[in-house]
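Below, each chain spelled out in residue letters.
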Amino acid sequence: WKFTIDSQRFKERHLIRRKQLRGPDVLILNLCYEDHEDLDYDRTFVFGSSIDWTFKFPITCSMFCYSSCDGLICVLCMFELSFVPHCEVFDFSTNTWRYVIPASPYPINCYHKPVHLDGSLYWFTACEEPMVLSFDLHTVTFQLICKAPIAHPCDPHLLTMCILDNRLCVSERKRKENTQVIWSFDSSGKTWKTMCSLDLNPISSWWSTDFTLLPIANVDKGRILLQSGACIDPLVIHDPHTQSYELLFQPNRLTGSVYYFESLFSTLCN
């Protein structure tokens, strides 16, 4: 049994089965550098088939990938922004770093955290006209996917990228109308389709700042979990069918949310 459970095929089938059984779970991560007695680390929220957990990593982390990477949650720290056009990857089989050649064809917009889908990481490019760039973790190669469905010039602070319904999505907030549009990418035709438009006027008083809302995940019957980029604002569930909002959690310290499907994968090599 141990040989079977440790096999790559069994782990892949287990992850597929987990995704079929119910919706994703969500970790609400503590992003504070110091412990606080008044911060709730072990709270649980249940909605539909999904579960939210408040959690603190035993290490300091200020950044993370918004979506799970084959069932794993990836965290990182960035202490100094660098625009040097190169990329390094860590090879667990040799325990060494190596450069990716060729490097990214365009500079990456470091303001946005990456998202993961089907073995690739995705970012916006730091161009006047934003484009979507991917990095395949298996072939270790960059690829320019397409232009983002956003008029330019645009404010990068008003853009977000996420994964909803197992599709790559981008979103832009319209300050004048106080709305936010979410587009879904059709990989077969390389086209963008409008998924929904959020009217933010009913919940304007809930937010302390003018950040764009980040869609975290579809959690129950098409409802979307949202969090502000300010990291101290509340987590909200939006129902696109009724255009209603429900307050889920009001953090008292900096937090970030990431959805995941529990899996048997590990970073350790066999």
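Scroll up to find the structure.
Calculation criteria
Residues numbered from 1 in each chain as written. Predicted model: local features only at pLDDT ≥ 70, side-chain atom pairs only at ≥ 80, totals over all residues. Heavy atoms only, no water. Pairing = 2+ DSSP bridges. Helix = DSSP H or I, 4+ residues; strand = E, 2+ residues; numbered from the N terminus. Axes fitted to C-alpha atoms, helices over the stretch in contact; angles between N-to-C directions. Buried < 20%, exposed > 50% of the residue type's maximum accessible area, 1.4 Å probe, protein only. Phe/Tyr/Trp six-rings, centres within 6.5 Å; stacked < 30°, edge-to-face > 60°. Salt bridge = Lys/Arg side-chain N within 4 Å of Asp/Glu carboxyl O.

**A short note on the sheet that holds strand E18 (residues 235-239)**
Then, number 1: Read from one edge to the other, the open sheet built from four strands follows the order E16-E17-E18-E19, with strand pairing classed as antiparallel. Looking at which strands have only one partner, the edges of the open sheet turn out to be strand E16 (213-220) and strand E19 (244-249). With strand direction ignored, the average angle separating the axes of adjacent strands in the sheet is 30 degrees.

**Details of the pairing of strand E12 (residues 159-164)**
Then, number 1: The buried count for E12 comes to six of six residues, which makes it a mostly enclosed element.
Then, number 2: Side-chain alternation along E12 places Leu159, Met161 and Ile163 on one buried face and Thr160, Cys162 and Leu164 on a second face that is also buried.
Then, number 3: Here E12 pairs with strand E13 (residues 167-174) via six bridges, running antiparallel. When the bridges of E13 are listed, Cys162 appears paired with Cys169.

**Describing the packing of aromatic side chains**
Then, number 1: Throughout the structure, instances matching the rule amount to two aromatic pairs.
Then, number 2: Arranged with centres 4.6 Å apart and planes meeting at 45 degrees, the rings of Phe135 and Phe142 form a pair that is tilted.
Then, number 3: The class of Phe142 is buried, set by a relative accessible area of 16%.
Then, number 4: Taking 4.9 Å as the distance between ring centres and 50 degrees as the angle between the ring planes, the aromatic pair formed by Phe185 and Trp192 counts as tilted. This pair shows no difference in class: Phe185 is buried, exactly as Trp192 is.

**Describing the pattern of salt bridges**
Then, number 1: For the structure on display, the rule yields five salt bridges.
Then, number 2: Measuring nitrogen to oxygen at the nearest pair gives 3.7 Å for the salt bridge that ties Lys147 to Glu129. Residue Lys147 is located in strand E11 (residues 141-147), and its partner Glu129 is located in the loop between strand E9 (120-124) and strand E10 (131-136); the two are separated by 18 residues in the primary sequence.
Then, number 3: For Lys147, a relative accessible area of 48% corresponds to the partly exposed category.

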